[in-house]
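Survey of secondary and tertiary structure
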Number of protein chains: 2
Amino acid sequence: MKDGNKQAPSKQSEKEALGLSVKKSQDFSEWYTQLVLKAELADYASGKGFMVLRPYGFEIWEQIKSFFDSKIKKTGHKNAYFPTLIPESLLKKEAEHFEGFTPEVFWVTRSGTQELSEKYAVRPTSETIIHDSMSKWIRSWRDLPMLLNVWNSVLRAEIKSTKPFLRSSEFLWQEGHTSHATEKEAEKEVMDILLTYRQVMHELLSIPVLIGKKTEKEKFVGAVYTTTLEAMMPDGKAVQMGTSHHLGQNFSKQFEIRFLGEDSELHFVWQTSWGISWRLVGALVMMHGDDKGLVLPPRVAPIQVAIIPIIFSSTKSGDVLAKCRQVEAELSDSGLRVFLDSRENYTPGWKFNEWELKGVPLRIEIGPRDLANLTSVFVRRDSGNKETIPLSKIAETAKQKLDEIQTFLFASAKKRLDEEISEVNSYSELKEKMEKGGFAKSGWCGSSECEIKVKEETGSDIRLIPFDEIPEEGSKCMVCGRNATQIAYFARAY
Amino acid sequence: MKDGNKQAPSKQSEKEALGLSVKKSQDFSEWYTQLVLKAELADYASGKGFMVLRPYGFEIWEQIKSFFDSKIKKTGHKNAYFPTLIPESLLKKEAEHFEGFTPEVFWVTRSGTQELSEKYAVRPTSETIIHDSMSKWIRSWRDLPMLLNVWNSVLRAEIKSTKPFLRSSEFLWQEGHTSHATEKEAEKEVMDILLTYRQVMHELLSIPVLIGKKTEKEKFVGAVYTTTLEAMMPDGKAVQMGTSHHLGQNFSKQFEIRFLGEDSELHFVWQTSWGISWRLVGALVMMHGDDKGLVLPPRVAPIQVAIIPIIFSSTKSGDVLAKCRQVEAELSDSGLRVFLDSRENYTPGWKFNEWELKGVPLRIEIGPRDLANLTSVFVRRDSGNKETIPLSKIAETAKQKLDEIQTFLFASAKKRLDEEISEVNSYSELKEKMEKGGFAKSGWCGSSECEIKVKEETGSDIRLIPFDEIPEEGSKCMVCGRNATQIAYFARAY
């Protein structure tokens, strides 16, 4: 591109370039990267480790955003915006937190040609700068709870190779930050948000997740505890889909965030923070995609129905196109996101490939023969099933099929998740399971030593401690053989 | 706050702190800053020149965003996201552009403890990084037009004192970037966007603007020409409300953005860029606010109607509250943004003050006497007019009043704008007008010398060259006395 000899691609080479050159089962990693790039979800940017979210990827992100944003607004959360640059002194106020982020912070040291007297961190997360403001805004119990949320990006220098959506030096996310009068309220917030996140994953993305607590070693730096949602990808590696942290009074004491209670005494507030990011888009690609491309659950799909007029140069196209436009209007009026692909210069077959690559859940084909029979052909992206549907029932059937696809994608992913969880009773079983991939569930003594040993020897972490499972009487830690105090889910992870 | 002796404010001091301590006519600048802070639109942040957009300010920004976003989506524009950090080499590709931004760029020179081999600019604007991507994505005429938009923030180090929304080191905005096959299409885009911006200002914000071209001296660095929208504030200073630039092929040649035309030849694309920022919120405050606080045009107001139950401790409150809830539901169902202020511990008078400060366009009071008479009291924020309205007509009357307020605010601002434009025929008249404030309209020879002389001697710039006015036969430049080739609008500006 940069050598000044850019060649225009021929139609043939464009066609070839459209499809994926590897199968999901052959080379999962290469399949994933090709798909992200070829479906035009994202692209690499010039800076090392940075990526661009292209319009089609952004539309998926906008669906996630709007789903979650409307839910948290209903429960009284408010959006705001805080600066990108955070003075070093603020970041240092909570020492453990600062230490945790310091290796990956981008530092601004100059403005124009001047050296700055204090350097700025490019936001790695906003706890410190938001708590600094909260210390000014919170005065009495009437100001509580303060429930803030920010849609922004954060930057953390990645030294490992970039993987779009999963590992990049900047990512889009939301970060919620709340202050409460009591510990109980803060802990309820942590859990309410966790369950709202699960709705995003289950109801919108059709991705089943396990929920639980992180270990001390894996918790957010500066938190009292961290809760998490974990999904299992088809290659046997887990993805952390979101986290919700109980901060206790760790930050409120450092930032002196106090309120006058109804008891006329000053108290430190109790706080939470929580986030989900565009890595959800990456998980969506991995979870449902196939050798032909993306498979998007209808609720999150930017385009839910693609209408393809079956016209060849020899056909009189006017009547078919007119009917397609009518169907487009009807589906659109009934609340569906629909695209009529009336582009010339592309064959129907080429269009089928493109919309399959882009994961559009339902394709409706209408040609001259359909017109004569007052029918259309429905093709489901998930199963490939074809069905002839009367034109008179097109809207109701489309809605019904989309609901079926949404449900089917979740059910089959849930079935796979259940199959991916193995109970292991010895360290050798654990090692074996980690080679195969998936979650190994077992008793754990609760010590970091055992956790670190497993990490070093198998490459897997404790992804979560479930809320609702406890070890059976007499069960043992499969690393050290001491009594198990907790159930742990181990897996390798992105 | 930071000395560890934070005192809880008494109710009395909160009450005093709520109102503004200066009048708009007395000390406009102090009035503005107090209002922004006390209405909780924004606050200062820890970093020099940085500000926080608080929830109430953010809700206004969300209204602007949603109005403009839905309009540009209808005309085929797509949102995307590009990195915050731009490698220096990219920024340098368009030399004039780079020079223009270089004094105010924040530079990232380190990540973690490592010095970077190439430094990054924290995005001052995204032309360079977006054009870098476009050079990869655009191959044939079928890829055009490419119409991208980004909602993000940009950073430009401010050395002068911070003025919330108008002068800060970081601001939220949108930046549109488009590529077209022909110059004519690009020029049409520049103008289409300019007119869409004017809709935002006229229809949503009730702020009348003048439109025209910037001079060569004032145009965007790297553009062929810049078009602008200018509003006049009550203190006699202009605010540049938005700009839309024709970039010609200046960037496409540097970034080698070429497409294969239908003629089978390679051509450089023609480009535009355009932006509006949160300074619109600042202009909104200045334009309509009064000594009691904000006055928000209904279409942009986060809360359009505040319902205040008139309850004193002696009153039986149940029936009044029940009726208020019913009215709230009715107004909300009819599509209005309504807030029932049922907070205890605050008197109705306190609530009146608060919602006046926050600029809520319409207040509805319902007390025991109203309940008996089946009426309510409507109070308009703009005029202060009170009117008794039957409960049976509450929704239709509320809608009608809100429409009236929207129209009235625009009409009175338009009248003031017209009065602020004076035709001047000599340099001394110009100087006199610049002391008084407002726009001076006059003939101009078109030379930078005269433009610079005026700037140095009066502190005013040429804000715009109107599209539709040309100098009369024989009219002169009022600086040098040569023939006028253009009409220019001069003003001091923010």
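Worth saying up front: this structure is predicted, and the values here are computed from it rather than measured. (Residues numbered from 1 in each chain as written. Chains lettered and ligands numbered in written order. Predicted model: local features only at pLDDT ≥ 70, side-chain atom pairs only at ≥ 80, totals over all residues. Heavy atoms only, no water.)

Looking at the sheet that holds strand β8 (residues 170–180) of chain B
All names here are of chain B. Strand order in the open sheet formed by eleven strands is β3-β7-β8-β14-β11-β10-β9-β22-β23-β21-β20, with mixed pairing between adjacent strands. The open sheet is flanked by β3 (78–79) and β20 (421–423), the only strands paired with a single partner. When strand β7 (residues 146–155) meets β8, the two strands line up antiparallel, connected through ten bridges. When the sheet's bridge partners are listed, V150 is paired in β8 with E175. (Pairing = 2+ DSSP bridges. Helix = DSSP H or I, 4+ residues; strand = E, 2+ residues; numbered from the N terminus.)

Here's the deal with the domain arrangement of chain A
Reports of interface size often rely on the accessible area that becomes lost once the parts have come together. Residue and element names in this part refer to chain A. As far as domains go, chain A holds domain 1 (19–288), domain 2 (303–407) and domain 3 (420–491). For domain 1 versus domain 3, the separation of C-alpha centres amounts to 27 Å. Contact residues are listed per partner, giving 18 residues for domain 1 and 17 residues for domain 3. Both sides of the domain 1 and domain 3 interface together cover about 1500 Å² of buried area, and 68% of this is carbon and sulfur. Ranking the residues of domain 1 by area buried against domain 3 places L210, K217 and M232 at the top, with a combined share of 34%. At the junction of domain 1 with domain 3, the criterion picks out one salt bridge. A salt bridge links E230 to R463, with the shortest nitrogen-to-oxygen separation between them at 2.8 Å. On inspection of domain 1 and its partner domain 3, the count reaches five residue pairs in polar contact (both at pLDDT 80 or more). Among the elements of the structure, α7 (183–204), β9 (210–213), β10 (225–232) and β11 (238–248) are those that each provide at least two residues to the side of domain 1 that touches domain 3. (Domains from an automatic or database assignment. Contact = heavy atoms within 4.5 Å. Buried area = accessible area lost by both parts, 1.4 Å probe. Salt bridge = Lys/Arg side-chain N within 4 Å of Asp/Glu carboxyl O. Polar contact = N/O pair within 3.5 Å; in protein donor to acceptor, adjacent residues only side chain to side chain.)

Overview of the side chain of B:N149
Residue and element names in this part refer to chain B. Relative to the assigned elements, N149 resides in strand β7. Polar contacts involving the side chain of N149 include one to the side chain of N79, which spans 3.0 Å. Reaching out from N149, the side chain makes a polar contact with the side chain of Q174 at a distance of 2.7 Å. What N149 contacts, discounting residues up to four positions off in sequence, is D69, I72, K78, N79, A80, Q174, E175, G176 and W274.

Concerning helix α2 (residues 28–38) of chain B
Buried within α2(B) are the following residues: B:F28, B:W31, B:Y32, B:T33, B:Q34, B:L35 and B:V36. At its buried positions, α2(B) is contacted by β1 (42–44), α9 (279–288) and α11 (348–357) of chain B. (Buried < 20%, exposed > 50% of the residue type's maximum accessible area, 1.4 Å probe, protein only.)

What to know about the relation of the copies chain B and chain A
Overlaying chain B on chain A yields an RMSD of 0.0 Å, the required transformation being a rotation through 180° with an accompanying axial translation of 0.0 Å. Overall, the copies show the geometry of a two-fold rotation axis. By C-alpha distance to the rotation axis, the residue of chain B lying nearest is B:V108, at 2.1 Å. Mapped onto chain A, 99% of the interface residues of chain B are again interface residues, and the two copies thus contact each other with one and the same surface. (Least-squares fit on C-alpha atoms with pLDDT ≥ 70 in both.)

Overview of the pattern of salt bridges
What the rule picks out here adds up to 62 salt bridges over all chains. Between B:K214 and B:E230 there is a salt bridge, with the nearest N and O atoms lying 2.8 Å from each other. In this pair, B:K214 sits in the loop between β9 (210–213) and β10 (225–232) while B:E230 sits in strand β10, placing the two residues 16 residues apart along the sequence. Note that B:R380 is salt-bridged to B:E404, the shortest N-O span being 3.1 Å. A residue pair is termed long-range when its members are at least 10 positions apart, and B:R380 in strand β18 (residues 375–380) and B:E404 in helix α13 (residues 394–420) qualify at 24 residues. Judged by its relative accessible area of 30%, B:E404 is partly exposed. Salt bridges here are not isolated pairs; linked through shared partners, they connect A:K214, A:E230, A:K455, A:D461 and A:R463.

Some points on the packing of aromatic side chains
Residue and element names in this part refer to chain B. The tally for this structure, following the rule as stated, stands at 32 aromatic pairs over all chains. On the numbers, 5.3 Å between centres and 55° between planes, the contact of F339 with W355 is tilted. Of the two residues, F339 is situated in strand β16 (residues 338–340) and W355 in helix α11; the sequence distance between them amounts to 16 residues. With a relative accessible area of 32%, F339 lands in the partly exposed category. Above the plane of the ring of W107 lies K119, whose end atom (NZ or CZ) is 4.8 Å from the centre. The aromatic ring of Y346 is capped on one face by R343, whose charged end is 4.6 Å from the ring centroid. (Phe/Tyr/Trp six-rings, centres within 6.5 Å; stacked < 30°, edge-to-face > 60°. Lys NZ or Arg CZ within 6 Å of the ring centre and 35° of its normal.)

Focus on empty space enclosed by the protein
All names here are of chain B. Inspection of every chain in the model, using the stated rule, returns one cavity of 30 Å³ or more. Reported here for the largest cavity is a volume of approximately 30 Å³. Forming the walls of the largest cavity are L362, F378, V379, R380, N385, E387 and K401. Residue composition of the lining of the largest cavity, grouped by class: three nonpolar, one polar and three charged. (1 Å grid on protein atoms, 1.4 Å probe; cavity = no way out; pocket = protein on both sides within 12 Å on 5 of 7 lines; lining within 4 Å. Points joined across faces, edges and corners; volume = space filled by probe spheres on them. Nonpolar A, V, L, I, M, F, W, Y, C, P; charged D, E, K, R; others polar.)

Here we look at the packing of helix α3 (residues 55–74) of chain A against helix α3 (residues 55–74) of chain B
Two quantities define a packed helix pair, namely the angle between the axes and the distance from one axis to the other. It is the contact of α3(A) with α3(B), at a shortest axis distance of 16 Å, that shows an interaxial angle of 150°. Here α3(A) lies roughly antiparallel to α3(B), going by the angle between them. Note on packing geometry: the crossing formed by α3(A) with α3(B) is left-handed. Counting all contacts with α3(A), which are made through A:E62, A:K65, A:D69 and A:K73, the residues of α3(B) involved are B:E62, B:K65, B:D69 and B:K73. Residue classes in the contact of α3(A) with α3(B) are distributed as no nonpolar, no polar and eight charged. (Axes fitted to C-alpha atoms, helices over the stretch in contact; angles between N-to-C directions. Parallel < 35°, antiparallel > 145°, perpendicular 65-115°, else oblique. Left-handed = near helix turned anticlockwise from the far one by under 90°.)

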